[in-house]
Amino acid sequence: MIPLPKFRYVEPTTLAEAAAILAAEGEDCQILGGGTDLVPSMRQGIFAPKTVLSLQAIDGLGRLEWSESDGLSIGAGVTLRRLETDATLRKLFPMLAQAVSEVASPSIRHMATLGGNLCLDTRCYYYNQSEDWKACSDLCLKVGGEFCKASPGGKAKKCFAVFSADVVPALIALKAQVTLVAKEGERTLDLAAFYSGDGARPNALKPGEILTGVVVPADRVGIKGSYLKYRIRQTIDYPIAGVALALRFGASGVVSEARLVLGGVASKPVLVKGIAELLEGQTLDRARIERAAQLARKAAIPQANTAGQRAHRKQMIHEFTTRAFEDLAREAR
Amino acid sequence: MNKLNEYAVIGKKTTKTDAVAKVTGGARFATDIYLPNMLWAKVLRSPVPHARILRIDTEKAKKLDGVKAVLTAADVPEARYGALVLDMGMFARGKVRYIGEAVAAVAAVNEEIALAALKLIEVAYEPLPAVFDPLEAIKPGAPILHEDLKSYKTLFERTDKAMTGNVNYQAEITSGDLEAGFAQSDYIFEDSYEVPKQHPSYMEPNSTVALVDSDGRLVIHNTTQRPHINQAILSSLLGIPIAKIRVVPCHVGGGFGGKNRTLTEPTAAALALKTRQPVRLTFSHEEEFTSATTRHSGVMVMKTGVKKDGTLVASDVKLYYDCGAYAPTPNAVWLGAISSSGAYRIPHCRVEAYSIYTNKMMGGAFRGYGAPQSNFARESQMDRIARELKIDPIELRLKNCLVEGDSLHTGQKLHSVKVKETLLKARELSGWGKGRVPANRTLGVACGIFACGGFATSGIVRLNMDGTATVATGAMDMGQGLRTVMGQIAAEELGMAAEDVTVIIGDTDSTPFDVGIFGDRGTHTAGMAVQMAAQDARKQLVEQAAFAFKTTPNNIVLGGGKARLASDPDKVLDYKDLLGGGQYKKGGPIIGKASINLTETAFDPAIVRGAASRMFSTYTFATHIVEIEVDPKTGVVRVPKTYAVHDCGTVVNPDGLRGQIIGGLATGLGYALYEGVAFENGQVQNPSFLECRPPTAVDMPEIVFDTVEEFDEKGPFGAKGVGNVSVINMAPAIANAVETATGVRVTSLPITPGKIVQGLGQLAKEEA
Amino acid sequence: MTETLSVPAKMPVRLRVNGQNRDLLIEPSASLLQVLREDLALTGTKEVCLLGSCGACTVLIDGKPALSCLVLAMACRGKAITTIEGLMEGGDLHPLQQAFIDKGAVQCGYCTPGMVMVGKALLDEKPNPTAEEARQAIAGNLCRCTGYQQIVEAIVAAPEIARTGSAKRPAGLMDSGPYLMPETGE
């Protein structure tokens, strides 16, 4: 069996302990959730940390709590399987349950954690390969090369590896907040702001920080949502285009809130700009839905670094956006 | 013709012999062997598609603690091997020709050290121009992969175009008068089709443990479809007599043609001989996708002449199959040529089939063996003809399909031809043309032919003194259930219960020669030898009974483990009484044997040039009808239901047959919609199941399957094969259904949503 | 080079595998799959893709399916691990194992242990699963031989075998052939 790189394994029982270890080890330490993303990457030699810090023994990271005042609080250690099957979550935020149920395969969802999905590394044909594979040609930007080989023309100085987490677009559509803890303290930010758009360093996690969980605000209850995912097979595969739409309808079908987030078509989840301006205070009609779909299509910047034709993936975004709106409009009636 | 009711074991539910071992985790595969002092081998592979090797320095690697041996081409005999073209050595010699080619190998005390040692081997390469497209590779001035090609030994009759430039194997079939045929045609259709490489995706990686035993013999534990050929190849590569080599395969974790190959054995053997320690070489998942073999990619150009009424008159086919840097099995090209006229009667035919070198991973055998490519072209074009001529696609096929007594374009006269019946039954099952299909679903049809059985095999049946039997066949069970089926065949012939027969497979010390299990040879050809050996044993048993009853052999009836007098059925002797007491039996122990070669008739050289085989025993046929849903906006295709009707002769093992057919359809579905090895500058871009995407349980359609009554007089108890033909129809059937549903004809595989949407004109130009 | 090859300290660890405590010395970076196969000689659990994309290495951890190639053995302390070798009870096949045999769900057998384990987890959660539930449960487990149909049928048929107590007691389990030794370490 191709061995994993040698590392030390630590399993702290408190967050403070974890933060202290992380502060001491810095970038030589990788945080382990369910292992479904990190372990294959270590196997391919993408990461060779000196220390692997498992979060599994830390109390509180397994919380899944709803309160009408504080909303839905989900710890980083909650498995996707638990999210998918939780009755409260399914009732209050069916779109979120839907998105979770589309991740990978059932066995993976038993293992994978929310924190892991939120911190999912960006993916690319040139990046998710063994060292031997990469040695056959110039290295890509993300592993120390000069250019992003997946970028148009292969000459970009920015990494275009693709963001492929299913749960994140749904959470951003629901205005989730994410909490990051370090030795120095904790900070909370909009989940949308957590993602950088730089494939090489896809999120705002600083050395020493641990993502401890997200909160979906209580006022998100009543939002209608839809998550649609495009992948080649009907299971296992990462999304190569995904749409999460959250709408709130006021009296007589007027849209009072609208958020549209794309996955699998850029180096971060794309919160489509102009959707609220286009739709809030309006009723949904074909023309407006088409305008929204065009905005989504334009916001999608798929690259040739995963399955599917780029143009087709843009088309999928257009079509899925249309369908998501139509589905929710039908539901609202 | 159906004799099923007469049989006691054939056609009856019979538990698979290896099932208990496999459901309990007890089944030992080659990957499960850990021996004392066993070394781990790793292979250094070429990082460049085409280059001259200037220098290899292994000194640093040899000095690493724990490394026991490092081998390169310089350390092994300069011998080459291959099925038709002997073009490949154990290691690259002088040149590398693809990314992933073996350059050196290390044996070390553990895997980590072996991997570390690879990094210490220094190789200096001088890059050479490379060629990745078979059509580019046959142009004048293309980079040449094998400069000394003409001097290579071959095992087929070379045509003028074979073994020249980048063409290794080539075959031509000419029947009738092509020009006259096209002159008689009212319409001529000319189309080009393209298919990618498909990986066999057996679950178990290639793996060998090699050791030298205390007799000084080389012993190989491996995963293979052809132990006896492994033995012969090891003999020729290493210069060891065959009798000094023992190949003992383990359970095979899937083969599908991909393990009709000798990849890990020579390297492990050479390292074991060098170190005199057991050596294990197991391919990594990535090596499976870069350095094993795949279905050939290729381009098929098909020109067909048709009468107004749909009668096929003339066909001119050119097959350009990309075999990669070496041609371990260009036989697939030959089988592609045979299947390229489809299951049809076409009086005037020409086929030119080429196996072409490119600087890519090797093409080899994979379930369907050359036919999925050419049948995709033939059956796609048949639907185009039907559409243009406004003839129902099934009617067009019925009008032209082969019937009993017809000859193929190769000149081979056919028997046991029930393709028409498969078409009719599939039509009936699917409700074709009856408007029964839900509004969002569309039907698509394809039928096909595949050559079944042949080549040399043998069987031995020993009757034990307690009335049981021990059967030996050199044929392998890759999981398809050959061992069970051989037992059924022997039991039926001997009048015993299936559980009273034990079957030994594979071990070259205790089984007689078989050429390998491929091309529907298992049940049919190995089964034939086992049946004939059992008949031989049965004849001796009858004589023994006649002696005991003091009667003539024709007065003896065998069955249920007993011999009776036909004239007085109350007179009964158990087999154990005939055979036992039996160390003293007159004439000694009973051993039945059979040695056969079912491909002994050569093709007519006026029709076929460059044949890779003599005439096959028989042919199998099948019709598949898919029921698909296409989303016209997204191009996403789902296949909720498939109807499969097979002409497979007598059904020997119903569970096994069903598993074979549905499994074949799954591989066909993957070929149609998902799979395909992608290359960039000769490098495999998607070297994993994650990116190459074999179908999952939730991608599979509901399967409605049936067989047509048939008895092939050349097969054991009338049986034919089924493993290959089950693969070859899904891609064209789905492509045909897609065109019916959307108007878009997809002529390349896989049939991706992007291609469909692009065909519908929905992709913005600047984005495409 | 020498630095990367230096053997890091092995850690003592107690794993509970198939109901037995196993005390081992393992490298912290060892996957559960590696420890099962190479330290405990439980080779029924198969190594295929090491990427979590095939399901062949599925075991149960605290009753839930887990891909053992993605799990660190160190992370399994205090958890109950069940492998294909641990399914039989009192020498009888588990009803699901019997169902795989009866339904012809076994061909090459390389995916079978993983398939049986996800099937077992499903049956523990839903004692009478539908064919659709069975199909969904095995979605992440690849099989190239069967086309999955007979595997689905086996999972659906298992409860009836349990009810009728018709799982058989196999005569023996050891495969004949080359010997296998647990790794004793350097």
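Cut-offs and rules
Residues numbered from 1 in each chain as written. Chains lettered and ligands numbered in written order. Predicted model: local features only at pLDDT ≥ 70, side-chain atom pairs only at ≥ 80, totals over all residues. Helix = DSSP H or I, 4+ residues; strand = E, 2+ residues; numbered from the N terminus. Buried ≥ 20, exposed ≤ 12 C-beta atoms within 10 Å, placed from the backbone. Contact = placed C-beta atoms within 7 Å. Nonpolar A, V, L, I, M, F, W, Y, C, P; charged D, E, K, R; others polar. Domains from an automatic or database assignment. Pairing = 2+ DSSP bridges. Axes fitted to C-alpha atoms, helices over the stretch in contact; angles between N-to-C directions. Expected span 1.5 Å × (residues − 1). Bend = angle between axes of the 7 residues up to and from the residue.

Would you mind showing me how to read the overall build of chain C here?
Assigned secondary structure in chain C consists of six helices and five strands. Beginning at the N terminus, the succession of helices and strands in chain C can be written as α-β-β-α-β-β-β-α-α-α-α. When each of the 186 residues of chain C is scored for burial, the buried share is 61%. Considering only intrachain contacts with a sequence separation of at least 6, the fraction spanning at least 24 residues in chain C is 61%.

Please clarify how the interface of chain A and chain B should be interpreted in this entry.
Many analyses report the size of an interface as the accessible area lost when the parts associate. Chain A puts 23 residues into the contact, and the matching count from chain B is 25 residues. Broken down by element, the side of chain A that touches chain B gets its largest block of residues, seven residues, from helix α13 (residues 310-332) of chain A. Its residues assigned to classes, the side of chain A that touches chain B comprises 11 nonpolar, eight polar and four charged.

What's the story with the domain arrangement of chain A in this structure? I'm lost.
Annotation of chain A at the domain level lists domain 1 (1-59), domain 2 (64-119 + 162-219) and domain 3 (221-332). A C-alpha centroid distance of 35 Å is found between domain 1 of chain A and domain 3 of chain A.

Sorry if this is basic, but what is going on with the interface of chain C and chain B here?
At the interface, 52 residues of chain C touch 56 residues of chain B. Looking at the side of chain C that touches chain B, the elements with two or more residues in it are α3 (95-102), α4 (112-125), α5 (131-137) and α6 (149-164) of chain C. Of the residues in the side of chain C that touches chain B, the class split is 31 nonpolar, 15 polar and six charged.

What is the right way to look at the pairing of strand β7 (residues 167-175) of chain B in this model?
Successive residues of a regular strand alternate their side chains across the two faces of the sheet. Residue and element names in this part refer to chain B. Counting buried positions over the nine residues of β7 gives seven, a clear majority of the element. As judged from the seven bridges shared by β7 and strand β16 (residues 348-357), these two strands associate in the antiparallel manner. What sits directly across from S175, in β16, is C349. Pairing geometry for β7 and strand β26 (residues 608-609), over two bridges, is antiparallel. If you follow I173 over to β26, its bridge partner there is V608.

What am I meant to see in the domain arrangement of chain C here?
All names here are of chain C. Entries for chain C in the domain assignment read domain 1 (11-86) and domain 2 (95-164). Taking the mean C-alpha position of each, domain 1 and domain 2 sit 21 Å from one another. With 14 residues of domain 1 in contact, the opposing surface of domain 2 contributes 13 residues. If one sorts the elements of the side of domain 1 that touches domain 2 by residue count, strand β3 (residues 58-61) sits on top with three residues. Of the residues that constitute the side of domain 1 that touches domain 2, the class distribution is seven nonpolar, five polar and two charged.

Looking at this structure, how should I read the sheet that holds strand β1 (residues 39-45) of chain B?
In a beta sheet, neighbouring strands pair by backbone hydrogen bonds and run either parallel or antiparallel. All names here are of chain B. Spatial ordering of the open sheet is given by β3-β5-β1-β12-β9-β10-β11, a layout of seven strands whose pairing is mixed. At either margin of the open sheet sits one strand with a lone partner, and together these are β3 (67-72) and β11 (245-247). Recorded for the sheet is a direction-independent mean angle of 20 degrees between the axes of neighbouring strands. Pairing geometry for strand β9 (residues 207-212) and strand β10 (residues 218-222), over five bridges, is antiparallel. Residue pairing for β10: T208 is matched across the bridge by N222.

Looking at this structure, I do not really get the environment of N110 of chain B. What am I missing?
Residues and elements named next belong to chain B. Its place among the elements puts N110 in the loop between β5 (102-108) and α3 (111-120). Accessibility expressed as a C-beta count within 10 Å gives 17 for N110, which makes it partly exposed. Note: C-alpha distance between N110 and K161 (51 residues apart in sequence) is 48 Å. Beyond its immediate chain neighbours, meaning those up to four positions away, N110 contacts W40 and G66.

Is there a simple way to explain α6 of chain C in this structure?
Turn by turn, an α-helix covers 3.6 residues, leaving residues three or four places apart pointing in a common direction. Helix length check: α6 of chain C, at 16 residues, gives a terminal C-alpha distance of 23 Å against a target of 22 Å (1.5 Å per residue), a fit within 8%. Largest kink in α6 of chain C: about 35 degrees, centred on A157 of chain C, with the proline P159 of chain C one to four residues after it. Where α6 of chain C is buried, its residues contact α16 (654-673) and β31 (702-707) of chain B together with α3, α4 and α5 of chain C.

Just to check I follow, could you spell out the pairing of β3 of chain C for this structure?
Residues and elements named next belong to chain C. When β3 meets strand β4 (residues 64-67), the two strands line up antiparallel, connected through four bridges. When the bridges of β4 are listed, V59 appears paired with A66. Turn length for the β3-β4 hairpin, with the two strands adjacent in sequence and antiparallel, is two residues, and the turn residue D62 shows positive phi of about 50 degrees. Here two bridges tie β3 to strand β5 (residues 80-82), and the two strands are oriented antiparallel to one another. Its bridge partner lying in β5, L60 is registered against T82.

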